[in-house]
Amino acid sequence: MGYRDYQRTVRRGIWAENNSLMLLIIVNALVFILLHFIKTIYLLSRLPEESFHSTVFSAFTLPSDLSAFLTRPWSLLTAMFTQMNLFQLLSNLFWLWTFGSILQDLAGERKVFPLYLYGGFAGALTFLACHAILKAGGNPVEPAVFFGAITPVMAVAVAVTVLSPQFRLFPMIGGGLPLWVLTLVFVI
């Protein structure tokens, strides 16, 4: 790639209009803040924390029971943005920003948002299917919930690695670090 080719490539800033990666990061952070704000109101009102989990938090998470899922189908979408642990949120947002920015550079910014949603839907449907299979097999399975951004972020990470397995980070330092190594660190 020559100097003129480099001049023609236009890199959009992180706060550019229609940056789907920043939209995803902001939505994840806002849902986290909203849930903790509501939880704080519950605690300041001297309501038990369990009532917050049974009324508000359960509305955002995906239940493993199919009949409960049918009463709140929106949880298929909200579960992939719901997180209650600050370290988990920061970790997921860091990895989303890392792999999402590489994906935007390689495939364009219009690919991040749909891939995030498809990864979240795939993770949620896999969760429902596994729970239904275990229950149908006669195993005693306790009800569980699915939430968190780990599956959509994992989808973005795997997509970037499959899209460009030879991509290297920090190419000036000893030839660079292969992207698949970073993905392996993320998976572990």
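The rules behind these values
Residues numbered from 1 in each chain as written. Predicted model: local features only at pLDDT ≥ 70, side-chain atom pairs only at ≥ 80, totals over all residues. Heavy atoms only, no water. Buried < 20%, exposed > 50% of the residue type's maximum accessible area, 1.4 Å probe, protein only. Helix = DSSP H or I, 4+ residues; strand = E, 2+ residues; numbered from the N terminus. Arc of directions from axis to C-beta. Contact = heavy atoms within 4.5 Å. Core = buried A, V, L, I, M, F, W, Y, C linked by side-chain atoms within 4.5 Å. Axes fitted to C-alpha atoms, helices over the stretch in contact; angles between N-to-C directions. Parallel < 35°, antiparallel > 145°, perpendicular 65-115°, else oblique. Left-handed = near helix turned anticlockwise from the far one by under 90°. Salt bridge = Lys/Arg side-chain N within 4 Å of Asp/Glu carboxyl O.

Focus: helix 9 (residues 179-187)
No. 1: For helix 9, the set of buried residues is Leu179, Leu182, Thr183 and Phe186. One face of helix 9 carries all of its buried residues, which in axial projection span an arc of 100°.
No. 2: Buried residues along helix 9 sit in contact with helix 6 (86-107), helix 8 (150-163), strand 3 (168-169) and strand 4 (177-178).

As for the nonpolar core
No. 1: Counting residues in hydrophobic clusters, the biggest one holds 34 residues, and the most contacted among them are Leu35, Leu96, Phe99 and Tyr116.
No. 2: Put simply, the parts of the chain that give this core at least two residues each are helix 2 (20-44), helix 3 (49-60), helix 6, helix 7 (112-136), helix 8 and helix 9.
No. 3: The leading source of residues in this core is helix 2, at 8 residues.
No. 4: Look past the residues within four positions of Leu35 in its chain and what remains in contact with it is Phe52, Val56, Phe57, Phe60, Thr82, Gln83 and Met84.

A look at the environment of Tyr42
No. 1: Turning to its location among the elements, Tyr42 is positioned in helix 2.
No. 2: Here the alpha-carbon distance between Tyr42 and Leu117, two residues 75 residues apart in the chain, equals 31 Å.

A few points about the packing of helix 2 against helix 3
No. 1: For the pair helix 2 and helix 3, the least separation of the axes is 9 Å and the interaxial angle reads 155°. The angle between helix 2 and helix 3 falls in the class roughly antiparallel. When you trace helix 2 past helix 3, the crossing you get is right-handed. Of the residues in helix 3, those in contact with Val31, Leu34, Leu35, Ile38, Lys39, Tyr42 and Leu43 of helix 2 are Glu49, Ser51, Phe52, Thr55, Val56, Phe57 and Phe60.

Structural notes on the pattern of salt bridges
No. 1: All told, the structure shown has 2 salt bridges when counted by the stated rule.
No. 2: Note that Glu49 and Lys39 form a salt bridge whose closest N and O atoms lie 3.0 Å from each other. With Glu49 in helix 3 and Lys39 in helix 2, the pair connects residues that are 10 residues apart, well separated along the chain.
No. 3: Taking the relative accessible area as the measure of exposure, Lys39 reaches 16% and is therefore buried.
No. 4: Notably, a salt bridge pairs Asp65 with Lys135, separated by 3.7 Å at the nearest N-O pair. Of this pair, Asp65 sits in the loop between strand 1 (62-63) and helix 4 (66-71) while Lys135 is found in helix 7, placing the two residues 70 residues apart along the sequence.

In short, geometric facts, not functional conclusions.
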